[in-house]
Amino acid sequence: MIRVVGVHKTFGPLHVLRGITLEVPKGEALVIIGPSGSGKSTLLRCINLLVEPDAGSVFIDGVHVNRPEVSAEWVRQQVGMVFQSFNLFTHLTALQNVMLGPVRVKGMEQEAARVKAKQLLARVGLAAKAEAYPAELSGGQQQRVAIARALAMDPKAMLFDEPTSALDPEYIREVLDVMTALAREGMTMIVVTHEMGFASNVASRIVFIDAGIVLEEGHPNQIFGNPQQERTRTFVSKILR
Amino acid sequence: MAQRTAEDRKRMWRAVDVALAVVLTVGGVGYAVYAIVGRWGLDQGYIGDRWLDYVFAAWVSLYVTTIAFVIGLVIGFFFGWIRATRSVPLGKIMRDAKKVADAQGLDHVPFPATQIIWHGFKYIVRRFGDAFVAVIRGTPLFVQIVFVWSVLLIRVPTLNPLVLASIAGLIALTANTGGYQSEIFRAGLQTVHSGQVEAARALGLSKFQAMRHIILPQAIRLVIPPLTNEYIGLLKASSLLIVIGIEELTGFGRREAFDFFKVFESFALVTAIYLLLTVPLSRVIAYVERRLRIPGLGIQEVTAPRAPRAAT
Amino acid sequence: MATEAATGQTVSRPGIVSLGSVVRVAETIVGAVLLILILQWVLEFEIADPRLWSIYWRPFTDGIVGSLGYIALILPVSVLMGFFLGWARISRFRVLAWPVATYVDFFRGVPPLVIVIFASLIGPSLMPERFQSRTLGLTLAALALAFHSAAYQAEIFRAGFQSVHRGQLEAAQALGLKPLQAMRHVVLPQAFRLSLPPLGNELAVLIKDTSLLSAIGAIDIFGLSQDVQQQLIFTPGSDLRWLFIIWTAVALVYFVMTYAMTTILAYLERRVRVRGLETMSI
Ligand SMILES: Nc1ncnc2c1ncn2[C@@H]1O[C@H](COP(=O)(O)OP(=O)(O)O)[C@@H](O)[C@H]1O
Ligand SMILES: [Mg+2]
């Protein structure tokens, strides 16, 4: 479904991604872990072309997307993204946030979009908050609206960039539950997270990224229970503590 | 290796962008100068002869501005401070009086007359300050100048016209900048107020110590950039003294333009002097503001970013 | 309003005409009346003196109409220009950003009066023959005033654009919105809302600045009142205290105009206000 081959990215003198290769088959959830600054966010951004890779290829559903002929807008409709800092549009209600994409990008009718947005909000447990503005929602609620907003585009895959690390502990659960349900329904996902419970239960594979390369990858049991690399071991021991 | 060329293309575009930007900026300014000089011709002899007179006129502008500004500081701080304090409801005064009485074990509560008079007085001064600021901000400086001038004209008709105009101009400018500065001080003090005072008092600092060690250091940092902008604004505003015949830089330049038909030369000198006085100063302020800004603390974002645009 | 936000509860949208704003307007009117009464008493004049108004009424009303005319010309031009200049100023294309920065520096560094005077003196000679007319200098000066205010408004809009969080743009792009769509539906509405309060201040300043046009002979309230002042001063035996009436009346006119402006903008701001996100006001 998503295939990344030998992707490089530099920011000025900083070589952030040094040849990343990954594959996520349809319906699987891949979890990425790695120290801060190792390039996890940059990798996700390369997949939906918020950042243009310097070298290497990104394939989505078999289409080589980082070519000039492919429009970035089209790619972004194929993969939804959820940000660490929610990034809900502050001037729109929860409902309007979810409707914006279908109406403006897909050209859907207002009424149809409204019905769909309501369904999605119900799915993330926020039917009652449709008319609330982001500033009136808790972090957990905002993040769930953000998930609904991404789902409204009917993406083929979802990217989550540390969706719970800006949340107060009491709200983490509700967001992870939504994500777990999504994975169970067969959504293809790439999740950057350090929530080990979620990773063990939901991920089919875990990828450990360090300094811009994939250092180790494998089944959750292997990565958490019996890591092969010294760096992986120290990192895992830190987050499992 | 297609990516290399993509990178190179980006770099090339950036170079083209910068080059075009420079050409457009320099070319635009150059063309404006050429268009004007082309029509009028530039009399270098005139500029050589008279530029010192312009500098003197500019000195008059700076002189008036500075005096008004400094007196305005006093007015501005006073009103700003008064207007930054919150009003105390009557109910709270009564309750406080009762608390004091209870603490002293009195069985009847003495009427807090002095408190009420004091707070009432502060209330009246504050509302007066509000009205003063509203008038200053709501009417053109032109009108303020002429108003003060006509008051003097009628009340002290024996005064020499030039002296009368000078005094009137100075009073109007001072009142004007005082009003604007009080807004700056009020914003500065109020931005610090909330929470900080309580935290300071919780540490055991006295009210005075809190002012001295917590509020003022923060407020001064907040207030200096907008005050400098106000100075720049006032310098520009001093040009309006033309209306009562005071010859500062603008008035002098206009007379020269008319008397000698040296319109472009006069315009060039006047503009150049104003730009020399204002642009470097506002650049420095913008820089200092960026560098010294305590993250999350700033009144420019909260109040209107009026920049060097206070008076008029 | 701020306390409602702090509780985070869903509250009904604040009424467009709130009790608070009615009280504020009433307070202002009472204050203005009081102030005029005090001025009358201290300066010993009678604001409704029919002898003055019999000669001053015409210039007074003509002047108001004239001033409003200039405002109607200058205001839209300056807001449009300011908006696009502010947008250009944050552009990553230096071709746009640098010339605009120079423009802003120039117009903010020079007093508007200088710009007005010299626009009327130099401007007409730069225009082609067929535009020449008696009022050309004045029109150009009015436009120059608009250019001047546009420089300030550019800075206001720039600040508005810049205070929209980067993440907002990214989120819009991640949904597949095109750059212009993201601008139109996400960045603009937020930047606009943030720009409204300072824009209200600037437009009030602009209204007052139209008085500068009287320095080059514009038919506006300040200029015509000055004419009447001259007339009074040079007519022997006229009561000079009438000057107080004139300038109090003129001040009141400008006060009402600027007050109306800021009130309209405050109303607009309430219209687009977002619950829980009230702009901090101190
Ligand atoms: N747009 C950018 N410009 C410059 N440097 C960037 C940019 N985005 C990320 N970086 C740098 O790239 C490195 C990797 O960042 P990121 O992918 O966000 O790491 P992670 O998400 O793993 O913490 C960091 O050092 C970061 O500072
Ligand atoms: Mg990250």
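In this text, all values refer to a predicted model and were calculated from it rather than measured experimentally.

### Quick word on the overall build of chain C
A count of helices and strands for chain C gives 10 helices and 0 strands. Mapped from its N terminus to its C terminus, chain C presents α and β elements in the order α-α-α-α-α-α-α-α-α-α. Considered along the principal axes of its C-alpha atoms, chain C spans approximately 80 × 55 × 25 Å. For chain C, buried positions account for 50% of its 282 residues. Taking all contacts inside chain C whose residues are at least 6 apart in sequence as the whole, residues at least 24 apart take part in 78%. Chain C carries 21 positive and 17 negative side-chain charges, and their two centres are separated by 14 Å.

### Some remarks on the overall build of chain A
Assigned secondary structure in chain A consists of 9 helices and 10 strands. With respect to the three principal axes, the spread of C-alpha positions in chain A is 55 × 45 × 35 Å. Within chain A, the fraction of its 241 residues that count as buried is 58%. Accessible surface, chain A as shown: approximately 9700 Å² in total, 49% of it carbon and sulfur. Of the charged side chains in chain A, 25 are positive and 24 negative; the average position of the first set lies 1 Å away from that of the second.

### Focus: the nonpolar core
Counting residues in each nonpolar core, the largest one holds 115 residues, and the members touching the most others are Tyr56(C), Leu213(C) and Trp247(C). Among the elements that line this core, the one with the most residues is helix 10 (residues 242–271) of chain C, at 14 residues. Discounting residues that sit within four places of it in the chain, Tyr56(C) has contacts with Ile221(C), Ser225(C), Val228(C), Ile246(C), Ala249(C) and Val250(C). By size, the runner-up hydrophobic cluster in this structure holds 51 residues, among which are Ala94(A), Ala152(A), Met158(A) and Val202(A).

### Some details on the environment of Val186(C)
Structurally, Val186(C) can be placed in helix 8 (residues 179–209). Judged by relative accessible area, Val186(C) falls into the buried class, the value being 0%.

### Focus: the sheet that holds strand 4 (residues 55–60) of chain A
Residues and elements named next belong to chain A. Read across the open sheet, the 4 strands follow the order 2-1-4-5; overall the sheet is antiparallel. The strands lining the two open edges of the sheet, one partner per strand, are strand 2 (14–24) and strand 5 (63–64). Pairing geometry for strand 1 (residues 2–11) and strand 4, over 5 bridges, is antiparallel. Paired with Val5 across the bridge in strand 4 is Ser57.

### Quick word on unusual backbone geometry
Residue and element names in this part refer to chain A. The backbone of Asp61 shows a phi angle near 55°, a positive value even though the residue is not glycine. Here Asp61 lies in the loop between strand 4 and strand 5. Residue classification places Asp61 among the partly exposed residues on the basis of a relative accessible area of 41%. For Glu162, which is not glycine, the phi dihedral falls at a positive 45°. Here Glu162 shows up in the loop between strand 7 (157–161) and helix 6 (169–184). Since its relative accessible area comes to 18%, Glu162 is described here as buried.

### Overview of helix 3 (residues 94–104) of chain A
Burial analysis of helix 3 of chain A places 9 of its 11 residues in the buried class, which makes it a mostly covered element. Listing the buried residues of helix 3 of chain A in full gives Ala94(A), Leu95(A), Asn97(A), Val98(A), Met99(A), Leu100(A), Gly101(A), Pro102(A) and Val103(A).

### Some thoughts on the pairing of strand 10 (residues 213–218) of chain A
Residue and element names in this part refer to chain A. Here strand 9 (residues 205–210) runs beside strand 10; their pairing, made up of 5 bridges, is antiparallel. For Ile206, the partnering residue across the bridge sits in strand 10 and is Gly218. Adjacent in sequence and paired antiparallel, strand 9 and strand 10 are bridged by 2 residues, among which Ala211 carries a positive phi angle near 50°.

### Examining the interface of chain C and chain B
With 60 residues of chain C in contact, the opposing surface of chain B contributes 65 residues. Linking chain C to chain B there are 4 salt bridges. A salt bridge links Asp17(B) to Arg94(C); its shortest N-O distance comes to 3.5 Å. In this assembly, chain C and chain B are joined by 14 residue pairs in polar contact (both at pLDDT 80 or more). Of all the elements in the fold, those that place two or more residues in the side of chain C that touches chain B are helix 2 (19–43), helix 4 (94–109), helix 5 (112–126), helix 6 (136–162), helix 8, helix 9 (221–234) and helix 10 of chain C. If one sorts the elements of the side of chain C that touches chain B by residue count, helix 4 of chain C sits on top with 10 residues. The class makeup of the residues in the side of chain C that touches chain B is 38 nonpolar, 12 polar and 10 charged.

### Examining helix 6 of chain C
Here helix 6 of chain C is 27 residues long and its end C-alpha atoms lie 38 Å apart, about the 39 Å a rise of 1.5 Å per residue gives. Counting buried positions along helix 6 of chain C yields 21 of 27 residues, so the element is predominantly enclosed.

### Observations concerning the site of ligand 1
All names here are of chain A. In the vicinity of ligand 1, the residues found are Phe11, Leu14, Val16, Pro35, Ser36, Gly37, Ser38, Gly39, Lys40, Ser41 and Thr42. Interatomic distance of 3.3 Å between a backbone N/O atom of Ser38 and an oxygen atom of ligand 1. Within the side chain of Thr42, an N or O atom sits 2.5 Å from an oxygen atom of ligand 1. The fraction of the free accessible surface of ligand 1 (570 Å²) that becomes covered by protein chains is 57%. When contributions to the shell around ligand 1 are tallied by element, the ones reaching two or more residues are strand 2 and helix 1 (40–47). The leading source of residues in the shell around ligand 1 is helix 1, at 3 residues. A per-class count over the shell around ligand 1 returns 4 nonpolar, 6 polar and 1 charged.

### Some details on the sheet that holds strand 10 of chain A
All names here are of chain A. In spatial order, the strands read 6-7-8-3-9-10; together these 6 strands make up an open sheet with mixed pairing. Either end of the sheet is taken by a strand with one partner, and the two such strands are strand 6 (79–82) and strand 10. Averaged over all pairs of adjacent strands, the angle between strand axes in this sheet comes to 20°, irrespective of strand direction. Where strand 6 meets strand 7, 4 bridges bridge the pair, whose relative direction is parallel. Looking at the pairing, Val82 lines up with Phe160 of strand 7. Sitting on the sheet, helix 5 (residues 139–151) is in contact with strand 6 and strand 7, with an inclination near 170° to strand 6. Running at roughly 105° to strand 9, helix 9 (residues 230–240) makes contact with strand 3 (29–33), strand 9 and strand 10 of the sheet.

### A look at the confidence of the model for chain C
In regions of low pLDDT, the predicted coordinates are not meant to be interpreted in detail. Residue and element names in this part refer to chain C. For chain C, the mean per-residue pLDDT works out to 83, and 91% of the residues sit at or above 70. Note that residues 1–14 has pLDDT below 50 and, in this model, 18 contacts with residues that lie over four places away or in other chains. Overall fold confidence for the complex sits at a pTM of 0.82, while the interface term, ipTM, reaches 0.84.

### Remarks on the environment of Ala203(A)
All names here are of chain A. You can see Ala203 is positioned in the loop between helix 7 (196–202) and strand 9. Distance in space between the C-alpha atoms of Ala203 and His91 is 35 Å, their sequence separation being 112 residues. With sequence-adjacent residues up to four places away left out, Ala203 is seen in contact with Ala29, Val31, Phe198 and Pro220.

### Examining a nonpolar patch on the surface
Residues and elements named next belong to chain C. A surface patch of nonpolar side chains, about 520 Å² in accessible area, is lined by Val25, Ile29, Val30, Val33, Leu34 and Leu37. When you line up the elements, Val33 lands in helix 2. For Val33, a relative accessible area of 45% gives the class partly exposed.

### Details of the packing of aromatic side chains
Using the criterion set out here, one finds 32 aromatic pairs over all chains in the structure. Centre to centre, the rings of Phe45(C) and Phe244(C) are 5.7 Å apart; their planes meet at 45°, and the pair counts as tilted. One end of the pair, Phe45(C), is in the loop between helix 2 and helix 3 (50–89); the other, Phe244(C), is in helix 10, and 199 residues separate them in sequence. Residue classification places Phe45(C) among the buried positions, given a relative accessible area of 7%. By the ring-pair criterion, three or more aromatic residues cluster together here, those being Phe83(C), Phe84(C), Trp87(C), Phe157(C) and Phe161(C). The ring of Phe89(A) is capped by Arg149(A), whose NZ or CZ atom sits 4.5 Å from the centre of that ring.

What counts and what doesn't
Residues numbered from 1 in each chain as written. Chains lettered and ligands numbered in written order. Predicted model: local features only at pLDDT ≥ 70, side-chain atom pairs only at ≥ 80, totals over all residues. Heavy atoms only, no water. Helix = DSSP H or I, 4+ residues; strand = E, 2+ residues; numbered from the N terminus. Buried < 20%, exposed > 50% of the residue type's maximum accessible area, 1.4 Å probe, protein only. Contact = heavy atoms within 4.5 Å. Lys, Arg positive; Asp, Glu negative; His and termini not counted. Charge placed at Lys NZ, Arg CZ, Asp CG, Glu CD. Areas by Shrake-Rupley, 256 points an atom, 1.4 Å probe, with all protein chains shown as cover. Core = buried A, V, L, I, M, F, W, Y, C linked by side-chain atoms within 4.5 Å. Pairing = 2+ DSSP bridges. Salt bridge = Lys/Arg side-chain N within 4 Å of Asp/Glu carboxyl O. Polar contact = N/O pair within 3.5 Å; in protein donor to acceptor, adjacent residues only side chain to side chain. Nonpolar A, V, L, I, M, F, W, Y, C, P; charged D, E, K, R; others polar. Expected span 1.5 Å × (residues − 1). Near = heavy atom within 4 Å. Axes fitted to C-alpha atoms, helices over the stretch in contact; angles between N-to-C directions. pLDDT = per-residue confidence, 0-100. Patch = residues over 30% accessible without salt bridge, like charges linked within 9 Å, V, L, I, M, F, W, Y side chains within 5 Å. Phe/Tyr/Trp six-rings, centres within 6.5 Å; stacked < 30°, edge-to-face > 60°. Lys NZ or Arg CZ within 6 Å of the ring centre and 35° of its normal.

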